[in-house]
Amino acid sequence: MYKKILVPLDGSKTAEGVLSHAKALAYSEGAEIILLNVASNPAQSFAFEDPAIAGATVEDEEEKAGKYMDAVCSQLRTAGFKVTCMVRQGGAASMILKVAEDLGVDVIAMSTHGRSGPAHWLIGSVAERVVRHSKIPVMMIRASET
């Protein structure tokens, strides 16, 4: 039933909380795990002043994300899982949905912080946007804060 499982990771332990569930699902279904990290651009608001700042920051974020993803992928491969790793740029929710569609994944497995109230209104939720707009099943795991 599930042959491709997309697992978005942002480098946090909270996001990694879904990995044990994704591994169990992949093991039971013989599925491939596709890990995705969407590199953010924290300097985007300063780009109008000096575009070079934004470019350098994106490159730094991509490099950091690449190293992180290599480590996670290596651990999963060592454990015997079929894994594909990728780093993309853009808005997290829209990129997760785009990659899911482009690769024809069967399920998106992701963690959520479980924020509510003002924190949710101010910060928003990538997970919520993915659930609202996904055309495929989304497995949400509420991760405990560590």
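Remember, it's a predicted structure, so these values are computed and weren't measured experimentally.

## Regarding the state of the cysteines
Evaluation of the coordinates by the stated rule reveals one disulfide. Bridging C73 to C85, the disulfide has an S-S length of 1.0 Å. Its S-S torsion of about -75° marks the bond between C73 and C85 as left-handed, since a negative value means left-handed. Of the two residues, C73 sits in helix α3 (residues 51–78) while C85 sits in strand β3 (residues 83–89), which places them 12 residues apart along the sequence.

## Some remarks on the pairing of strand β4 (residues 107–112)
Regular strands show a simple pattern: their side chains alternate between the two faces of the sheet. Among the six residues that make up β4, six are buried, leaving the element largely enclosed by the rest of the structure. The side-chain alternation of β4 yields two buried faces, one formed by V107, A109 and S111 and the other by I108, M110 and T112. Across two bridges, the pairing between strand β1 (residues 4–8) and β4 is parallel. Across the sheet, residue I5 finds its bridge partner in β4, namely V107. Judged from the five bridges that link them, β4 and strand β5 (residues 138–142) form a sheet pairing that is parallel. By the bridge assignment, I108 is partnered in β5 with V138.

## Details of helix α2 (residues 19–29)
Helical geometry note: an α-helix holds 3.6 residues per turn, so side chains three or four residues apart project in the same direction. Those residues of α2 that sit buried are L19, A22, L25 and A26. An end-on view of α2 places all buried positions within 125° of arc, on one side of the element. Exposed positions of α2 whose direction lies more than 90 degrees from the buried face are Y27 and S28. Positive backbone phi, at 65°, marks G30, one or two positions downstream of α2.

The rules behind the values
- Residues numbered from 1 in each chain as written.
- Predicted model: local features only at pLDDT ≥ 70, side-chain atom pairs only at ≥ 80, totals over all residues.
- Heavy atoms only, no water.
- Disulfide = S-S within 2.5 Å.
- Helix = DSSP H or I, 4+ residues; strand = E, 2+ residues; numbered from the N terminus.
- Buried < 20%, exposed > 50% of the residue type's maximum accessible area, 1.4 Å probe, protein only.
- Pairing = 2+ DSSP bridges.
- Arc of directions from axis to C-beta.

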